[in-house]
Amino acid sequence: MKGESSPTAISTALRRSLSEFGIGIALILEIIIFSQLSPYFFTAENILNVSLQSSITAIIAAGMTFVILTAGIDLSVGSVVALSGVLATSALKFDVPLSTGFPLAILVALIIGIVSGSIAGVFITKFSITPFIVTLALMTIWRGTAFIYTDGRPVWGLPEEFSMLGSGRIFEVPVPTLIMLAVYIVSYIVLKYTRFGRYVYAVGGNREAARLAGINTNRILFCVYMICGALAGISGILLASRMNSGQPNAGLMYELDVIAAVVVGGTSLFGGRGSIVGTFIGAMLIGILRNGLNLLNVGSYVQMVVLGVVILLAVMLDQIRKR
Amino acid sequence: MIPLLSLHNICKEYPGVLALDDVSFELYAGEVHCLVGENGAGKSTLMKILSGAIRKNSGSTLIDGKEIEINSPIDAQKYGIGVIYQDFKLVPELTVAENILLGKEARKGNSPFIDYKKMHQVAAAVLLQLGEEIPTTLPVRELSVAQRQIVEIAKALSKKVRILAMDEPSAALTDKELKNLFRVIRGLKAEGVGIIYISHRFEEIFEIGDRVTVLRDGKFIHRCPVTEADRRSLIRWMVGRELEQEYPKVELTRGKEILRIELLNAGILQDINLILYREEIFGLAGLVGAGRSELARVIFGADPKESGKIFLEGKEVNPRSPREAIDLGIGLLTEDRNRFGLIMQMAVRENISLANLRDLLSGPFVNKAKEIAIAKKFTDGLRIKTPTVEREVESLSGGNRQKVVLARWLYTKSKLLIFDEPTAGIDIGVKYEIYNLINKLAQEGIGVIVISSELPELLGMCDRIGVMCEGQIAGILSRSDFSQEKIMMLATGGKEEVMNEG
């Protein structure tokens, strides 16, 4: 492995990791600034709090990274969150013991996500409709379905134990944070070390060349939408648990937050370039920004503007770096 | 006489590469100055600096003896510099007229509305100057490659250019179209335009060039009047050593049957019958669109077949996807490797292993140590020039990219390899290496099909040549029957008169 330690190899490695690195520096800067401005910011409690608040979009963003790496997009995730939330909470209200109802609810949430992702996958691969259109349609279809199913009213009266999922803590760490970490660790391993992960990058980099190298590109595309859907489904039940109800208008505009996290994390919308670590940092950057601005009592209207500016700045820096 | 254009001591550095090392160049009005060199020699970099697409690190640019700076394509246009790139810069959805006059549309007076009538008149006039009749109302996406080339040239001519650089303008042209191009170039010369002509084809340089400059590895090597150069000396300057012959043909004795195709129909392909043997190199000739690549894609499972049978080593096979074909031992080195062969932003290592990752799996994981070892074995064995196997393929030259694709298929241990335009856009030196590799593969008993538009290449390398015409095999020639005339005759369906018979 002589070549691997040569100066050029190091510079190549450096160049490759710089996108994560650059955004990482932004994250550290942000943490330093908020620590100076608010004494409460850099406390264990607040850090756990941020992780909890970011966990739901971060979990979906992991799935979205798979999709965007293939040069796709999934706009339906916010609506999947709502539909999975209302259906999973309804499952909890079946007249079965909680030991059955609980797993059933999780299963329902997962299935909703997988079904949504599969439908997207079929339209994208078999009928060659662009992902933007397919998932835009699914976005309104699932949102509408959630409203029709609940008649616009939230699903209330859930067993108390259900709130464990979204609000419980294990060794002081919020359960959604643990789930998020698990999702990221698995996603990292899958993208970085497995054949499937390699194929995701290949399909996003050059779909036809990937097909001609023997990759079943349709299967890969199908899978990434399933993964993204499944993670949105899980997020749906987590959010329902935190709100202790199934809300048909839950997850509104989540797709934008999620895409923002992925893009700020340096993943190219054209596919083939990006990383799960970047997305994690992107999601945290946005989460910390929200949290910090809240601590500083910045109003939510101003927060929207600041968030937009940060997205532009982050992507701009990324472009400058590439030159 | 003051040169129209002088470039003095130009240097351009990319991370890790000195693309241009102290290169000087000058061009007089009314001169055709040919620029030759292998890929990576620095020709394209020089053109890009001239066109303002990239900036030099040091050196100076003079026009009419006055020092200027070209910082953007707009600057270049201002100084009357026109560049025709190898890969077209046309908008497919716009019409021919709109493309030719892009950025200088004719308007109705000073209003913001486009005067389409005038646009078409102007565009048609420019095309007429080129001796071409392309309907100016057609969208460019409906044009053939040759027609696009013409439109690209027309686009440059529609501006007032004093310096016109052409990067491989003939790559897609037929003889007739090339003659027209030369007529236009001579016309421009007479008007005092200075022309920089980049080409791999020596015949063109001898026909149209006044002077020739040879670059190698970013350095100036030689400059002389074209009359003082010949094929052999040009190659020597370009490659830096003497090449004994261009095509290293080895004698092969035909082995057992490896591929048999019976009455195959698919798309434009009609009733294809073909038998291919081990230890022979089989060429496929034909005009663009004759169905050569289509046949390759059907054998490889990339396109479906409608009827007919394919036998590999005597057993009937029916690959319905590239994956199935690869598993059967078939490999296809596609035409246009950048579009269909490589994942540009992936590392050399990842591109080599892409079709055979299963060989590297431990459980669901790719064994990276083994993968690196394999990639190194091939980069060393094929002499792929890359700093490390981790370098993205997009930073490699054309020849090295082709070798990466070749490495991929060698790693899958194919029994049958189809090379579609294997040497397009590749240096003489690397071409030679690829020919030797093809020879070696054939000697090892791998079935080899070579598709090429370069007839001399097929004549030089193949044992038999199948000539395709309009989706059919018009004839198969053995080496003893090889002649350019016979092939052209079959390729055109006997329509083209045989010019220099005897």
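Residues numbered from 1 in each chain as written. Chains lettered and ligands numbered in written order. Predicted model: local features only at pLDDT ≥ 70, side-chain atom pairs only at ≥ 80, totals over all residues. Heavy atoms only, no water.

We now examine the overall build of chain A. In terms of regular secondary structure, chain A is built from 13 helices and two strands. Relative to a compact globule of 323 residues, whose C-alpha radius of gyration would be 20 Å, chain A shows 20 Å and is just as compact. In terms of overall dimensions, chain A has C-alpha extents of about 65 × 55 × 35 Å along its principal axes. Within the span of chain A, comprising 323 residues, buried residues form 51% of the whole. When contacts within chain A are restricted to residue pairs at least 6 apart in sequence, those whose partners lie at least 24 apart make up 78%. Counting only carbon and sulfur atoms, one obtains 71% of the accessible surface of chain A, whose full area is about 14,600 Å². If you average the places of the 20 positive and of the 14 negative side-chain charges in chain A, the two averages end up 14 Å apart. (Helix = DSSP H or I, 4+ residues; strand = E, 2+ residues; numbered from the N terminus. Rg over C-alpha atoms; globule rule 2.2 N^0.38 Å. Buried < 20%, exposed > 50% of the residue type's maximum accessible area, 1.4 Å probe, protein only. Contact = heavy atoms within 4.5 Å. Areas by Shrake-Rupley, 256 points an atom, 1.4 Å probe, with all protein chains shown as cover. Lys, Arg positive; Asp, Glu negative; His and termini not counted. Charge placed at Lys NZ, Arg CZ, Asp CG, Glu CD.)

To continue, consider the overall build of chain B. The helix and strand inventory of chain B stands at 17 helices and 22 strands. For chain B, the C-alpha radius of gyration of 24 Å lies close to 23 Å, the compact-globule estimate for 502 residues. With respect to the principal axes defined by its C-alpha atoms, chain B has extents near 70 × 50 × 50 Å. The long-range fraction of contacts in chain B, counting pairs at least 24 apart against all pairs at least 6 apart in sequence, stands at 65%.

What follows is about the sheet that holds strand β11 (residues 257-266) of chain B. All names here are of chain B. Pairing in this open sheet of four strands is antiparallel, and the strands run β12-β11-β14-β15 from one edge to the other. With one partner strand each, in any of the chains shown, β12 (269-277) and β15 (315-317) form the two edges of the open sheet. When strand polarity is set aside, the average angle formed by the axes of neighbouring strands in this sheet is 20°. Contacts between helix α9 (residues 292-299) and the sheet are confined to β11, β12 and β14 (307-312), with β11 contributing the most and set at about 110° to the helix. (Pairing = 2+ DSSP bridges. Axes fitted to C-alpha atoms, helices over the stretch in contact; angles between N-to-C directions.)

Turning our eyes to something else, we now look at the environment of Ala137(A). Tracing the chain through its elements places Ala137(A) in helix α5 (residues 131-150). The class for Ala137(A) is partly exposed, based on a relative accessible area of 35%.

Let us now look at the sheet that holds strand β1 (residues 5-14) of chain B. All names here are of chain B. The strand order across the open sheet formed by four strands is β2-β1-β4-β5, and the pairing between neighbours is antiparallel. What marks the edges here is a single partner per strand, and that holds for β2 (17-27) and β5 (66-68). In this sheet, neighbouring strand axes are inclined to one another by 30° on average, regardless of whether the strands run parallel or antiparallel. In this structure, β1 lies alongside strand β4 (residues 58-63), joined through five bridges in antiparallel fashion.

As a further point, take empty space enclosed by the protein. In the structure shown here, the tally under the stated rule is two cavities of 30 Å³ or more. Here the largest cavity defines a volume of roughly 50 Å³. Where the lining of the largest cavity is concerned, the elements lending two or more residues are α15 (428-443) and α16 (455-461) of chain B. For the second largest cavity, the calculated volume is near 40 Å³. Contributing to the lining of the second largest cavity are Leu212(A), Ala213(A), Leu332(B), Leu333(B), Thr334(B), Phe340(B), Gly341(B), Val405(B), Arg408(B) and Trp409(B). (1 Å grid on protein atoms, 1.4 Å probe; cavity = no way out; pocket = protein on both sides within 12 Å on 5 of 7 lines; lining within 4 Å. Points joined across faces, edges and corners; volume = space filled by probe spheres on them.)

Residue and element names in this part refer to chain A. All chains considered together, the criterion is met by ten aromatic pairs over all chains. Ring centres of Phe-102 and Phe-162 lie 6.2 Å apart, and the angle between their planes is 70°; this geometry places the pair in the edge-to-face category. Pair noted here: Phe-102 is in helix α4 (residues 98-125) and Phe-162 is in the loop between α5 and α6 (163-167), with a separation of 60 residues, a long-range link. A relative accessible area of 22% places Phe-102 in the partly exposed class. Phe-162 sits in the buried class, given a relative accessible area of 1%. Each ring, one from Tyr-184 and one from Phe-280, has its centre 5.0 Å from the other, and the planes form 65°; the classification is edge-to-face. Note that Tyr-184 is positioned in helix α7 (residues 175-193) and Phe-280 in helix α12 (residues 276-295), a separation of 96 residues in sequence. Relative accessible area serves as the criterion here: at 25%, Phe-280 is assigned to the partly exposed category. (Phe/Tyr/Trp six-rings, centres within 6.5 Å; stacked < 30°, edge-to-face > 60°.)

What follows deals with unusual backbone geometry. Residue and element names in this part refer to chain B. Even without glycine at this site, Glu-168 takes up a positive phi of about 50°. Tracing the backbone through its elements, the reader meets Glu-168 in the loop between β7 (163-167) and α6 (175-190). Positive phi, normally seen in glycine, also occurs at Arg-383, with a value near 55°. In this fold, Arg-383 is placed in the loop between α13 (368-381) and α14 (398-411).

Moving on: the confidence of the model for chain A. Here chain A shows a mean pLDDT of 89. Residues at 70 or above account for 92%. Note on residues 1-5 of chain A: pLDDT under 50 across the span, and eleven contacts to partners over four residues away in sequence or across chains. (pLDDT = per-residue confidence, 0-100.)

What follows is about the packing of helix α2 (residues 44-69) of chain A against α7(A). Residues and elements named next belong to chain A. Their axes nearest at 8 Å, the elements α2 and α7 cross at an angle of 25°. In terms of axis orientation, α2 runs roughly parallel to α7. Judged by the twist between their axes, the crossing of α2 over α7 is left-handed. Residues Leu-48, Ser-51, Leu-52, Ser-55, Ala-58, Ile-59, Ala-61, Ala-62, Phe-66 and Leu-69 of α2 lie in contact with α7, whose contacting residues are Pro-176, Thr-177, Ile-179, Met-180, Val-183, Tyr-184, Ser-187, Val-190 and Leu-191. Of the residues that constitute the contact of α2 with α7, the class distribution is 15 nonpolar, four polar and no charged. (Parallel < 35°, antiparallel > 145°, perpendicular 65-115°, else oblique. Left-handed = near helix turned anticlockwise from the far one by under 90°. Nonpolar A, V, L, I, M, F, W, Y, C, P; charged D, E, K, R; others polar.)

Residue and element names in this part refer to chain B. The first and last C-alpha atoms of helix α4 (residues 116-129) sit 20 Å apart over 14 residues, in line with the 20 Å expected at 1.5 Å per residue. For α4, the complete set of buried residues consists of Met-119, Ala-123, Val-126 and Leu-127. When α4 is viewed along its axis, its buried side chains cluster within an angular range of 100° and face the same direction. The exposed residues of α4 that point more than 90 degrees off its buried face are Lys-117, Gln-121 and Leu-128. In this structure, the buried side of α4 is in contact with α3 (96-100) and α5 (145-157). (Expected span 1.5 Å × (residues − 1). Arc of directions from axis to C-beta.)

Moving on to the interface of chain B and chain A. Between chain B and chain A, the contact holds 40 residues from the first and 30 residues from the second. Of all residues in chain B, Ile343(B), Gln345(B) and Leu354(B) give up the largest surface area on contact with chain A, accounting jointly for 17% of the area buried on that side. The tally of links between chain B and chain A comes to four salt bridges. Here Arg273(A) ties to Glu394(B) by a salt bridge, and the two come within 3.1 Å at their closest N and O atoms. Our enumeration of links across chain B and chain A arrives at eleven residue pairs in polar contact (both at pLDDT 80 or more). If you list the elements that add at least two residues to the side of chain B that touches chain A, you get α10 (322-328), α11 (337-341), α12 (348-353), β18 (365-366), α13 and α14 of chain B. Residue contributions to the side of chain B that touches chain A peak at four residues, all from α11(B). Broken down by class, the residue content of the side of chain B that touches chain A amounts to 20 nonpolar, six polar and 14 charged. (Buried area = accessible area lost by both parts, 1.4 Å probe. Salt bridge = Lys/Arg side-chain N within 4 Å of Asp/Glu carboxyl O. Polar contact = N/O pair within 3.5 Å; in protein donor to acceptor, adjacent residues only side chain to side chain.)

Turning our eyes to something else, we now look at the confidence of the model for chain B. Residues and elements named next belong to chain B. Summing up the model confidence of chain B, the mean pLDDT is 88 and the portion of residues at 70 or higher is 97%. Per-element mean pLDDT across chain B ranges from 82 in α5 up to 96 in α12. Here residues 496-502 scores under 50 on pLDDT; set against residues more than four positions off or in separate chains, the count is five contacts. Predicted complex, confidence summary: ipTM 0.83, pTM 0.81.

It is worth spelling out the environment of Arg320(B) at this point. With respect to the secondary-structure elements, Arg320(B) resides in the loop between β15 and α10. Separated by 16 residues in the primary sequence, Arg320(B) and Pro304(B) place their C-alpha atoms 6.5 Å from one another.

What follows deals with the nonpolar core. With 171 residues, the main nonpolar core has Leu259(B), Leu295(B) and Ile449(B) as its most contacted residues. Element by element, the count of residues in this core is highest for α2(A), at twelve residues. The contact partners of Leu259(B), leaving out residues within four places of it in the chain, are Leu274(B), Ile275(B), Leu276(B), Ile299(B), Ile310(B), Phe311(B), Leu312(B), Leu416(B) and Ile449(B). Within the second largest apolar cluster, 52 residues are counted, among which are Val96(B), Leu143(B), Ala154(B) and Ile235(B). (Core = buried A, V, L, I, M, F, W, Y, C linked by side-chain atoms within 4.5 Å.)

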